[in-house]
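Geometric and topological summary
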Amino acid sequence: MTQLIKGFSKLSREEKINQLIKHFGLPADFPTRLERYRIGEEQALFDDFSENTLTNFFLPFGVAPNFRIDGKSYVVPMVTEESSVVAAASRSASFWAGHGGFKTTVHDTQKVGQIWFRWKGPTLLLSSLPEGLEPHLTQAVASLTLNMEKRGGGITRMQLLPSRGLPGIYQLQVNFNTVDSMGANFINSCLEEMKEPLLEFFAKDPRRSPFGQPEIIMAILSNHTPECLVTCSVECPIDELTPMAGNFSALEFAQRFKTAVDIALDDTSRAVTHNKGLLNGTDAVVLATGNDFRAVEAGVHAFAARDGRYRSLSRCTLTPENHFLFELAIPLAMGTVGGLTTLHPMAALALELLGKPSAKELMSIAAAAGMANNFSAVTSLITTGIQKGHMKLHLTNLLNALEASETEKTNALNYFQGKAISANAVRTFLNESRNAPHPGPPSR
């Protein structure tokens, strides 16, 4: 039976490391390797972001230049470990900057919180929001919403909804506008503060009190944010797609591109990978700016399946006037103040690089980054194939993993031009290079 490490969270960092070495037989250089990735005076800040922190896990912070979004130019910060993502975004951004850029619309920024409860009374008495409940609950959290209201936000709507498949289970759905903040803590604090006043209302309501008070089950925000919707589009005459068309004509390219997107609209297994390629760009911006990429992805995938089938988030249209139109609809609940957006020094730097955008502007930027990667990915798939560019960029990672010298890297990059790249091929090349006889000194 595995022995538990008791009181681990109360140990100092050094004591935690010693316990791990003791229990799991870790090598003697384990502490030194952890220490290598800690950073001077700011480390205390990073240690407080999460629990039981031993060191930092670094990811590349890159930038994609030449984004033109709603008439404004950006260099977009992107945090990702995947080869080709930043390059693909940059390539797409540069092309579309010369064709009007990305055009976006933020349709709304409503976020949702829920108080779930059980009640034994008749459903008919909770078929709509009881009169007086909304002002009662709004007043109960007035001290919490005051500052948010001063910034133009706050509670915007309440609804009472019965569960679809669980008799006697209801949700009080509360909509919030959190302006430029992500708002998770704000929303959850308001919901928690509403629980007792909700019970008080039922106790005093003459129509509902005979059936007893509700039993509060939980109060929590929802990451399903279909109203935090951004639409993004690019368009140009089909003839202007020639630089992206490879060996195809511009019209053939446009037709193949539309077919590829239509497949992702129709087939779930293709749609998952199609949307993953899109999220390569969006997630990289979400991470760079200190936003919650897990929440964004969960909301995005729910939206992609909103009609009961998981589909592509993007669509392509070829008009009778020989016009190419590529469109994206994506829910993005993001913020630019509070949380890690303020505390994390690199998130703050990313927002400075973007010109300190509002939450709506950042939503547009993240959507455009997603569309840029989606356009580049589909373009590669229908022309050269996805692996040619991806593996070329991945070659450097393989060489680093095999501890190639700078000279060996240069030789390998030259050797593999136009050749298939694989881990085995790179390893063989290095072994043969290292075992090849070296010429001696010239004879005199």
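Residues numbered from 1 in each chain as written. Predicted model: local features only at pLDDT ≥ 70, side-chain atom pairs only at ≥ 80, totals over all residues. Heavy atoms only, no water.

As a further point, take the sheet that holds strand 9 (residues 314-319). Taken in spatial order, the 4 strands of this open sheet run 3-8-10-9, and their pairing is antiparallel. Both edges of this open sheet fall to strand 3 (103-106) and strand 9, since each of them pairs with a single strand only. The mean angle between the axes of side-by-side strands here comes to 15°, regardless of whether they run parallel or antiparallel. Pairing analysis gives 6 bridges linking strand 9 to strand 10 (residues 323-331), with the strands arranged antiparallel. By the bridge assignment for strand 10, Ser314 is matched with Leu328. (Pairing = 2+ DSSP bridges. Helix = DSSP H or I, 4+ residues; strand = E, 2+ residues; numbered from the N terminus. Axes fitted to C-alpha atoms, helices over the stretch in contact; angles between N-to-C directions.)

This part is about a nonpolar patch on the surface. On the surface, Phe61, Val63, Val75, Met346, Leu349 and Leu353 cluster together into a nonpolar patch covering about 440 Å² of accessible area. Looking at the nonpolar patch, the elements with two or more residues in it are strand 1 (61-69) and helix 12 (345-353). Element by element, the count of residues in the nonpolar patch is highest for helix 12, at 3 residues. Inspection of the secondary structure puts Phe61 in strand 1. (Patch = residues over 30% accessible without salt bridge, like charges linked within 9 Å, V, L, I, M, F, W, Y side chains within 5 Å. Areas by Shrake-Rupley, 256 points an atom, 1.4 Å probe, with all protein chains shown as cover. Salt bridge = Lys/Arg side-chain N within 4 Å of Asp/Glu carboxyl O.)

What follows deals with the pairing of strand 1. Alignment of strand 1 against strand 2 (residues 72-79), held across 7 bridges, turns out to be antiparallel. What sits directly across from Ala64, in strand 2, is Val76.

Although it is not a glycine, Asn66 sits at a positive phi angle of roughly 70°. Within the secondary structure, Asn66 sits in strand 1. Taking relative accessible area as the criterion, Asn66 reaches 44% and is therefore assigned partly exposed. The phi torsion at Asp70 lies on the positive side, around 50°, for a residue other than glycine. Summarising the element assignment, Asp70 is placed in the loop between strand 1 and strand 2. (Buried < 20%, exposed > 50% of the residue type's maximum accessible area, 1.4 Å probe, protein only.)

Turning to the nonpolar core, a few remarks are in order. Grouped together as the largest cluster of nonpolar side chains are 63 residues, with contacts concentrated most on Phe67, Phe102, Phe257 and Phe324. Residue contributions to this core peak at 12 residues, all from helix 13 (residues 359-382). Not counting chain neighbours up to four residues away, the residues in contact with Phe324 comprise Trp96, Val234, Glu235, Cys236, Ile238, Leu241, Ala254, Phe257, Cys316, Thr317, Leu318 and Phe375. By size, the runner-up hydrophobic cluster in this structure holds 26 residues, among which are Met148, Val174, Cys190 and Phe202. (Core = buried A, V, L, I, M, F, W, Y, C linked by side-chain atoms within 4.5 Å. Contact = heavy atoms within 4.5 Å.)

Time to look at empty space enclosed by the protein. Under the definition given, this model contains 1 cavity of 30 Å³ or more. Considering only enclosed or pocket space, the largest cavity measures out at about 40 Å³ in volume. Forming the walls of the largest cavity are Thr109, Lys111, Thr178, Val179, Cys228, Leu332, Ala333, Met334, Ala359 and Met363. Residues belonging to the lining of the largest cavity are distributed by class as follows: 7 nonpolar, 2 polar and 1 charged. (1 Å grid on protein atoms, 1.4 Å probe; cavity = no way out; pocket = protein on both sides within 12 Å on 5 of 7 lines; lining within 4 Å. Points joined across faces, edges and corners; volume = space filled by probe spheres on them. Nonpolar A, V, L, I, M, F, W, Y, C, P; charged D, E, K, R; others polar.)

Let us now look at the pattern of salt bridges. One side chain can pair with another of opposite charge once the charged atoms of both are near each other. Across all of its chains, the model carries 15 salt bridges by this definition. Measuring nitrogen to oxygen at the nearest pair gives 3.1 Å for the salt bridge that ties Lys258 to Asp262. Here Lys258 pairs with Asp262, and both are found in helix 8 (residues 250-266), just 4 residues apart, close to one helical turn. Salt bridges sharing partners connect three or more residues here, namely Arg13, Glu14 and Glu35.

A few words now on the side chain of Ser92. Along the polypeptide, Ser92 turns up in helix 4 (residues 85-97). For Ser92, a relative accessible area of 0% translates into the label buried. Dropping the residues within four chain positions of it, Ser92 is found in contact with Phe102, Ala372, Phe375 and Ser376.

The next subject is the packing of helix 4 against helix 13. Interhelical geometry of helix 4 versus helix 13 gives an angle of 95° and a closest axis separation of 8 Å. In terms of orientation, helix 4 and helix 13 fall into the roughly perpendicular class. For the pair formed by helix 4 and helix 13, the contact residues are Val85, Ala88, Ala89, Arg91, Ser92, Phe95 and Trp96 on the first element and Ala372, Asn373, Phe375, Ser376, Thr379 and Ser380 on the second. Here the residues of the contact of helix 4 with helix 13 sort into 7 nonpolar, 5 polar and 1 charged. (Parallel < 35°, antiparallel > 145°, perpendicular 65-115°, else oblique.)

So, about the packing of aromatic side chains. Counted according to the given criterion, the structure contains 22 aromatic pairs. Each ring, one from Tyr415 and one from Phe416, has its centre 4.9 Å from the other, and the planes form 90°; the classification is edge-to-face. We classify Tyr415 as partly exposed; its relative accessible area is 39%. A relative accessible area of 5% means that Phe416 is categorised as buried. Three or more aromatic residues link up through ring pairs in this structure, and these residues are Phe95, Trp96, Phe253, Phe257, Phe324, Phe326 and Phe375. Taking NZ or CZ as reference, Arg294 lies 4.7 Å from the ring centre of Phe293, over its face. Cation over ring: Arg306 sits above Phe303, and NZ or CZ is 3.9 Å from the ring centre. (Phe/Tyr/Trp six-rings, centres within 6.5 Å; stacked < 30°, edge-to-face > 60°. Lys NZ or Arg CZ within 6 Å of the ring centre and 35° of its normal.)

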